[in-house]
Amino acid sequence: MRTDDPVEAVERELAVLLRRARSTSGTIARELHPDLGAAAYGILFNLQQTGGARTTDIAAYFGVGKPTISRQVGLLERLGFVERVEDPGDRRAVTLRLTDEGSARLLEAQEARRARLRASLDSWQSEDLETLGRLLHRFNDQQV
């Protein structure tokens, strides 16, 4: 059921975008290792962006409990993608960070994803891509 309401149109398109993003995250995770899912990719991406974080901070970022993150982190550690290091700000705490192997494999998977994205956007005008990027940033920059 389509309407002329622009907010409903945005909501509908966001739903499609989010579904595709989850699917893409799962695909990238499985490219890293067949046992990984989208949630594990999210953790790896978060650690890549932050340079390292405590388990509680990652759980808060994703809005899930620490046990949920801990299970994912355990698998990532066993696979050699993540390691625990002493937190420089609090020696009683530990920070998670990507290992060199985890960082390299994640970057390789992301580059492959970007190549697919570039191919799918190849027919777009550069002005349209810039506008899309600017509008997505504006949307993501606000608290919803």
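Coordinates for the structure precede this section.
Treat the numbers as computed from the prediction; the structure is a model and nothing was measured.

Student: Is there a simple way to think about the overall build of the protein chain in this case?
Tutor: The secondary structure content of the protein chain amounts to six helices and two strands. Its helices and strands in sequence order give the protein chain the pattern α-α-α-α-β-β-α-α, from N to C terminus. With respect to the three principal axes, the spread of C-alpha positions in the protein chain is 55 × 30 × 25 Å. Counting only residues that meet the buried cut, the protein chain has 26% of its 144 residues in that class. When contacts within the protein chain are restricted to residue pairs at least 6 apart in sequence, long-range pairs at least 24 apart make up 47% of them. For the protein chain, the exposed surface amounts to about 10,200 Å²; the carbon and sulfur share of it is 51%. Both charge centroids of the protein chain, one from 21 positive and one from 22 negative side chains, sit 5 Å from each other.

Student: Please clarify how the side chain of serine 25 should be interpreted in this entry.
Tutor: Within the secondary structure, serine 25 is located in helix α1 (residues 6–32). The contacts of serine 25, once residues within four sequence positions are left out, are Ala38 and Tyr41.

Student: Can you help me understand the pairing of strand β1 (residues 82–87) in this one?
Tutor: Regular strands have side chains that alternate between both faces of the sheet. Both β1 and strand β2 (residues 90–98) contribute to a ladder of six bridges, which runs antiparallel. Counted as the bridge partner of valine 85 is threonine 95 from β2.

Student: It is not clear to me how the pattern of salt bridges should be interpreted in this structure. Could you clarify?
Tutor: If the charged atoms of two oppositely charged side chains come close together, the side chains can form a pair. Summed over the entire model, instances satisfying the criterion amount to eight salt bridges. Between aspartate 90 and arginine 54 there is a salt bridge, with the nearest N and O atoms lying 3.9 Å from each other. Taken together, the residues span a long stretch of sequence, with aspartate 90 in strand β2 and arginine 54 in the loop between α2 (38–50) and α3 (55–62) at a distance of 36 residues. By relative accessible area, which is 29% here, arginine 54 ends up partly exposed. With a shortest N-O distance of 3.3 Å, glutamate 101 and arginine 105 are connected by a salt bridge. With glutamate 101 and arginine 105 both in helix α5 (residues 100–120) and four residues apart, the pair spans about one turn of that helix. With a relative accessible area of 27%, arginine 105 lands in the partly exposed category. The structure contains a network of salt bridges with shared partners spanning Arg54, Asp87, Asp90 and Arg92.

Student: Any chance you could explain the nonpolar core here in plain terms?
Tutor: The nonpolar side chains of a soluble globular protein tend to be buried with one another. Core analysis: the biggest nonpolar cluster contains 22 residues, and Leu36, Leu44, Leu47, Leu76 and Val82 have the highest contact counts within it. For this core, the secondary-structure elements that each account for two or more residues are α1, α2, α3, α4 (66–78), β2 and α5. Ranked by residues supplied to this core, first place goes to α2 with five residues.

Student: I'm lost on a nonpolar patch on the surface in this one. Help?
Tutor: Judged by side-chain polarity, Leu17, Trp124, Leu129, Leu132 and Leu136 come together as a nonpolar surface patch covering roughly 400 Å² of accessible area. It is helix α6 (residues 126–141) that contributes the most residues to the nonpolar patch, three residues altogether. Structurally, tryptophan 124 is set in the loop between α5 and α6.

Student: Honestly, α1 in this entry has me stumped. Any pointers?
Tutor: Turn by turn, an α-helix covers 3.6 residues, leaving residues three or four places apart pointing in a common direction. Between its first and last C-alpha, α1 extends 38 Å over 27 residues, near the 39 Å set by a 1.5 Å rise per residue. Considered for burial, the residues of α1 that qualify are Ser25, Gly26, Ile28, Ala29 and Leu32. Where α1 is buried, its residues meet α2 and α5. Here α1 starts with a cap whose side-chain oxygen sits 3.0 Å from the backbone nitrogen of valine 7, and that cap is aspartate 5.

Parameters and conventions
- Residues numbered from 1 in each chain as written.
- Predicted model: local features only at pLDDT ≥ 70, side-chain atom pairs only at ≥ 80, totals over all residues.
- Heavy atoms only, no water.
- Helix = DSSP H or I, 4+ residues; strand = E, 2+ residues; numbered from the N terminus.
- Buried < 20%, exposed > 50% of the residue type's maximum accessible area, 1.4 Å probe, protein only.
- Contact = heavy atoms within 4.5 Å.
- Areas by Shrake-Rupley, 256 points an atom, 1.4 Å probe, with all protein chains shown as cover.
- Lys, Arg positive; Asp, Glu negative; His and termini not counted.
- Charge placed at Lys NZ, Arg CZ, Asp CG, Glu CD.
- Pairing = 2+ DSSP bridges.
- Salt bridge = Lys/Arg side-chain N within 4 Å of Asp/Glu carboxyl O.
- Core = buried A, V, L, I, M, F, W, Y, C linked by side-chain atoms within 4.5 Å.
- Patch = residues over 30% accessible without salt bridge, like charges linked within 9 Å, V, L, I, M, F, W, Y side chains within 5 Å.
- Expected span 1.5 Å × (residues − 1).
- Polar contact = N/O pair within 3.5 Å; in protein donor to acceptor, adjacent residues only side chain to side chain.

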